[in-house]
Amino acid sequence: STGQGADSGSGTGGIGDAKAAAVSEFAQQKTIKQQREFLPVFSVRNDLMQVIRDHQVVIVVGETGSGKTTQLTQYLCEAGYANGGRMIGCTQPRRVAATSVAARVATEMGVKLGQEVGYSIRFEDRTDASTKIKYMTDGVLLRESLVDPDLSQYGAIVMDEAHERSLNTDVLLGILKRVVAGRRDLKLIITSATMNADKFSAFFGEVPCFFIPGRTFPVDIMFSKGPVEDYVETAVRQILDIHLGSPPGDILVFMTGQDDVETTCEVVLERLAQLEDPAPLNVLPIYSQLPEERQRLVFEGDGSVRKCIVATNIAETSLTVDGIVYVIDCGFYKLKTYDPRHGMDMLLMYPISQANANQRAGRAGRTQPGTCYRLYTENAYRHEMLESTVPEIQRTNLSNAVLLLKSLGVRDLLEFDFLDPPPQANILSSMYQLWTLGALDNLGELTPVGRAMSGFPLDPTLSKMLITSNELACTTEIATVVSMLSVPPVLMRPRGREEEADTAHERFSVPESDHLTLLYVFRLYESNRFSDAWCDKNFINPRSMRNAREVRDQLLDLMRKARMDMRSCGNDFDLVRKAICSAYFYHAAKMKSVEEYVNMRTGKPCRLERSSGIFRLGSPPDYIVYHELVMTSREYMRGVTVVEPSWLATLGPMFFKVVTMENRLRSNYRDHLEAESMERELERAREAARIRQEAE
Ligand code: ADP
Ligand code: MG
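- The name an unreviewed UniProt entry assigns to the protein is RNA helicase, from the organism Fonticula alba.
- Its UniProt record, at the heading Subcellular location (unreviewed entry), says of the protein: "Nucleus".
- As recorded by UniProt, the Catalytic activity (unreviewed entry) comment attached to the protein reads in full: "ATP + H2O = ADP + phosphate + H(+)".

In C-alpha cells:
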C-alpha cells in the first residue's frame, strides 16, 4: 500500500495530532546532520548498503521525501564507490531537480557546488576534476554514452525517478542493461516511487527491490461537488479560504504550466491586497523555467509566515518541500504528445491519472496530517482518469531517440530492449522524418549527415540547420539563431505593459523572419556589450540572453570540433533563410487567406501568431516555414520565416516539385509548388524497411 490514504478519506492512521505537531516543530530547528538522520532512508541505511554490495542492480522504492535523491549518492560515495577517480552519477528527468538537488547535497556535505558535488544539464556543466557526485538529466547521461559506451567514469549510477518514465529514462534503461552486463564493477540503483517497481525488477532479470518504510500521515480528500469551470479562480478561492480560516500549515497548489502558475500567484496577491490587514502569505511560484534563485525561495522560511507554493507537476515527485499541510490539485497537466500522422509534437493539457492524483495528495501528509482539495469530482477521478500516465516513449516524437540509438549502433529499433516498446507507427514516422532530413538512407542506416547531426545535443531539425549553414557559409549566424531558439523566450510582454513592449520590439523586428529578428536581437545585444540595462530597456529577458550567449559559445565549440568552418555571411540574409528552410521544410505552409495557412504536406490549417513580425509585411507571403506549432484554442505557428518556393523544391525535393510551365503561366509566372504525396513516400520507407528485414 502507498500509505497515503488518498482515496479513502482520512486513511492510514498513524501518529496523533499533538505528536505530529511536535514532530514538525522539531523539524524546523534541526541541524543538517539531524535532518539527514531523521529521513526514513537513514533508518535502513545499513541493510540497503548490504543489498547493494551483494547485487549489481537494485530497485529502491520509497515515498517521495524519504531521502532517495539526496542521500543515496552520499551513501554510495561514503561506501567507496567513487574511489579510484570515479564518480557517482544520479540522473533526473527534470533539469530543475538536477540543479536544486545538487545544491542541496553540496550544502549537506559542506562543499562548494560545482566541485565535489556538481551537476550537468544540457548546455550547462557545473562539474570539475574533483567531482565525486554528479547530478544530471537523463539526457546528459544518454549523450555521454555516445562517447563513452561503457560509462567508465562512473562507479555507481542512480537512475532516479524512473517511475516518471520519461523518454530518455526509458531509452537509458535499455542502454544501461547492456552496460551492466559488460561492466561487473558498476552498481546500478533504480529508484521509483511506489508504482512500477516489479516491472523494473523483471526488466533487469528479477533483481531485488528494496523498500524504504514509509512515514506518512493521513490525508483528507475533498472532492469538488460539481464540475469546475475555471480552475484558476476556484483554486484562488480555496487558497484564500484556507489562509483565512484554517490552522497553520503551508499550501501547495498544482497547476499545469508557467502561465496558470503565474496567473494564480498574481490573482491571489490582488485579492489579498483588497482585504483589510490580512495575515501575511508568502506566495511562491515554481516551474522549470523559473530562475534558480527564485526556485530556491520555496525551500526557505522559518515557518512563521504561511507559504503558498504554486507549482507545475515538478512538485509532484521531483522536489519535496517540507511543511505542506494543504494541497490543491487542479486535476490537469501538460503533456507532450506526438501525432505520427502529422509528424508533430504538441504540448496539450490532459486530465492527470489516478496515480498522479494520489501522489499529489500524498504531498500534504509528509510531516503531519493534511488535506487535499481536488478541483474535480469523485466521479471524474474514478471513471475519467487513467490509472497511470502513458509513458512518454509511447506518445512522443522519437526522432531524437532514434538518431541516438542508431549512432550507438542499434540497427534494428524494433528489436531494441524497451521496457515498453513504442508504437511502430511512431518509430516509422520518426525514421521517415530523419530520412527526409538526410540523416538516414533508404535502408534506414545512419548517413554521414546523420552521424554529424547526432554530435549536437539538439533536435534533429536544429542540428540539420547547423550542418546546412556550413555548406551555405553562414555558420555564425545560424549558431546564433539556434542558440536563441534553445533558451526561454527572449521577447517579454509584461502584463499591463504590452503596448510599450511591442513598440520597443518593433524597432528590431525583421518582418520576413522571426528567426532573423532573433539574430538581429543578438547582434544588438553583442554591440551593446551584453548589457542587462539594454535588455531591460528593450523588454528583452536578460537571463535568456545570457543563456543564449553561453549556449552559442558551446555550439561554436562543438561546431569547431566537428571541423565546420566558422564563417559569417554578413548581411546576406537570404543564405540564413535558406539554411532555416533546409531544416523546416517538414513545416512548410502555404497561404490560404490573410492569417490562415495550411501545412503543405498534410493540409492541416495553422495560423500566424499575432506577435509575429510577418504582420508588418505589406501582404501575406505565399510560402513560409515555422519552428513549431502551439495549441491554444487553435493551432498557431511560432517562429515563422518567409521562404521562396524554389528553395522548398530544391531543399526538400522529396516533398515538393515546381509544377509545369502551364501552371506557372496560369499563376502569373510565379513559381508554384505542389506537395508530393506523403503517403507514397511513407510507403517507400516501409518498403525499404521490409526489404532490409528480409535481407537479414
Ligand atoms: P526523495 O528523493 O525520496 O523524494 P529527497 O532526497 O528529495 O527525497 O528529500 C529528502 C529531504 O531533503 C526532504 O525532506 C526535502 O525537503 C529535503 N530537500 C531536498 N531538496 C532540498 C533543497 N533544495 N533545499 C532544502 N531541502 C531540500
Ligand atoms: Mg527524489
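There is more to say, and it comes next.
1. Comments concerning the overall build of the protein
Part 1: When its secondary structure is counted, the protein shows 27 helices and 23 strands.
Part 2: Scored against the burial criterion, the 696 residues of the protein give a buried share of 47%.
Part 3: Of the contacts formed within the protein by residues at least 6 apart in sequence, a portion of 72% connects residues at least 24 apart.

2. Brief notes about the packing of helix H19 (residues 475–485) against helix H21 (residues 514–527)
Part 1: As a packed pair, H19 and H21 sit with axes 9 Å apart at the nearest point and diverge in direction by 100°. One element, H19, and the other, H21, form an angle in the roughly perpendicular class. Here Glu477, Thr480, Val481 and Met484 of H19 lie close against H21, whose contacting residues are His515, Leu518, Leu519 and Phe522.

3. Quick notes on the site of ligand 1
Part 1: By nearness alone, 18 residues border ligand 1, and Lys68, Thr69, Thr70, Arg104 and Phe299 come closest of all.
Part 2: For the shell around ligand 1, the secondary structure elements donating two or more residues are helix H5 (68–78) and helix H6 (95–109).
Part 3: In terms of residue class, the shell around ligand 1 is made up of five nonpolar, ten polar and three charged.

4. Overview of the packing of helix H7 (residues 138–147) against helix H8 (residues 167–182)
Part 1: Two elements in contact, H7 and H8, have axes separated by 9 Å at closest approach and are oriented at 40°. For the pair H7 and H8, the sense of crossing is left-handed. Of the residues in H8, those touching H7 at Asp138, Gly139, Leu141, Leu142 and Ser145 are Asn168, Thr169, Val171, Leu172 and Ile175.
Part 2: Within the contact of H7 with H8, the residues separate by chemical class into five nonpolar, four polar and one charged.

5. Some thoughts on H8
Part 1: The first and last C-alpha atoms of H8 sit 24 Å apart over 16 residues, in line with the 22 Å expected at 1.5 Å per residue.
Part 2: Tucked into the core, H8 has its buried residues touching strand E2 (87–92), H7, strand E6 (154–159), strand E7 (187–192), helix H9 (197–203) and helix H15 (399–407).

6. Points about the pairing of E7
Part 1: For E7, a buried count of six out of six residues is recorded, marking the element as mostly surrounded by other parts of the structure.
Part 2: Alternating residues of E7 divide into Lys187, Ile189 and Thr191 and Leu188, Ile190 and Ser192, and every residue in both groups is buried.
Part 3: Here strand E1 (residues 57–61) pairs with E7 via five bridges, running parallel. If you follow valine 61 over to E7, its bridge partner there is serine 192.
Part 4: The pairing of E6 with E7 spans four bridges and is parallel. Of the residues in E7, the one forming a bridge with methionine 159 is isoleucine 190.

7. What to know about the environment of valine 57
Part 1: Tracing the sequence through the fold places valine 57 in strand E1.
Part 2: The buried category is assigned to valine 57, around which 21 C-beta atoms lie within 10 Å.

8. What about the sheet that holds strand E10 (residues 250–254)?
Part 1: Sheet architecture is open: six strands sit in the order E9-E16-E13-E10-E12-E11, paired in parallel fashion. Either end of the sheet is taken by a strand with one partner, and the two such strands are strand E9 (219–223) and strand E11 (281–286). Looking at each pair of strands side by side, their axes are set apart by 15° on average, direction ignored.
Part 2: Bridge count for E10 against strand E12 (residues 306–311) is four bridges, and the pairing is parallel. In the sheet register, leucine 252 faces E12, and the bridge partner there is isoleucine 309.

9. What about the nonpolar core?
Part 1: With 182 residues, the main nonpolar core has Val253, Cys308, Ile309, Ala311, Ile328 and Val482 as its most contacted residues.
Part 2: Those residues within four positions of isoleucine 309 in sequence are excluded, and the remaining contacts are Asp250, Ile251, Leu252, Val253, Leu284, Ile286, Val298, Ala315 and Val321.

10. Considerations on unusual backbone geometry
Part 1: Phi is positive for glutamate 161, close to 60°, though the residue is something other than glycine.
Part 2: Looking at the secondary structure, you find glutamate 161 in the loop between E6 and H8.
Part 3: Its identity as a non-glycine residue notwithstanding, arginine 165 has a phi of 55°, on the positive side.
Part 4: When you line up the elements, arginine 165 lands in the loop between E6 and H8.

11. Some words on H19
Part 1: Most of H19 sits out of view: ten of its eleven residues are buried.
Part 2: Regarding H19, the residues found buried are Thr475, Glu477, Ile478, Ala479, Thr480, Val481, Val482, Ser483, Met484 and Leu485.
Part 3: Packing partners of the buried residues in H19 comprise helix H18 (460–471), H21, helix H23 (542–561), helix H24 (573–584), strand E20 (623–631) and strand E21 (635–642).

12. A look at the sheet that holds strand E3 (residues 117–121)
Part 1: Taken together, the eight strands give an open sheet; going across it, the order is E4-E3-E5-E2-E6-E7-E1-E8, and neighbouring strands pair in mixed fashion. With partners counted over all chains shown, the strands left at the sheet margins are strand E4 (124–126) and strand E8 (209–211), one partner each. In this sheet, adjacent strand axes meet at a mean angle of 20° when their direction is disregarded.
Part 2: Sheet topology note: the E2/E6 ladder contains five bridges and is parallel. Note that in E6 the partner of threonine 91 across the bridge is methionine 159.
Part 3: Running at roughly 170° to E3, H6 makes contact with E2, E3 and strand E5 (133–137) of the sheet.
Part 4: Across the face of the sheet, H8 comes into contact with E1, E2, E6 and E7 while running at roughly 145° to E6.

So, how was this worked out
- Residues numbered from 1 in each chain as written.
- Chains lettered and ligands numbered in written order.
- Predicted model: local features only at pLDDT ≥ 70, side-chain atom pairs only at ≥ 80, totals over all residues.
- UniProt positions renumbered as here; feature names shortened; annotations may be inferred.
- Helix = DSSP H or I, 4+ residues; strand = E, 2+ residues; numbered from the N terminus.
- Buried ≥ 20, exposed ≤ 12 C-beta atoms within 10 Å, placed from the backbone.
- Contact = placed C-beta atoms within 7 Å.
- Axes fitted to C-alpha atoms, helices over the stretch in contact; angles between N-to-C directions.
- Parallel < 35°, antiparallel > 145°, perpendicular 65-115°, else oblique.
- Near = placed C-beta within 6 Å.
- Nonpolar A, V, L, I, M, F, W, Y, C, P; charged D, E, K, R; others polar.
- Left-handed = near helix turned anticlockwise from the far one by under 90°.
- Expected span 1.5 Å × (residues − 1).
- Pairing = 2+ DSSP bridges.
- Core = buried A, V, L, I, M, F, W, Y, C linked by C-beta atoms within 7 Å.

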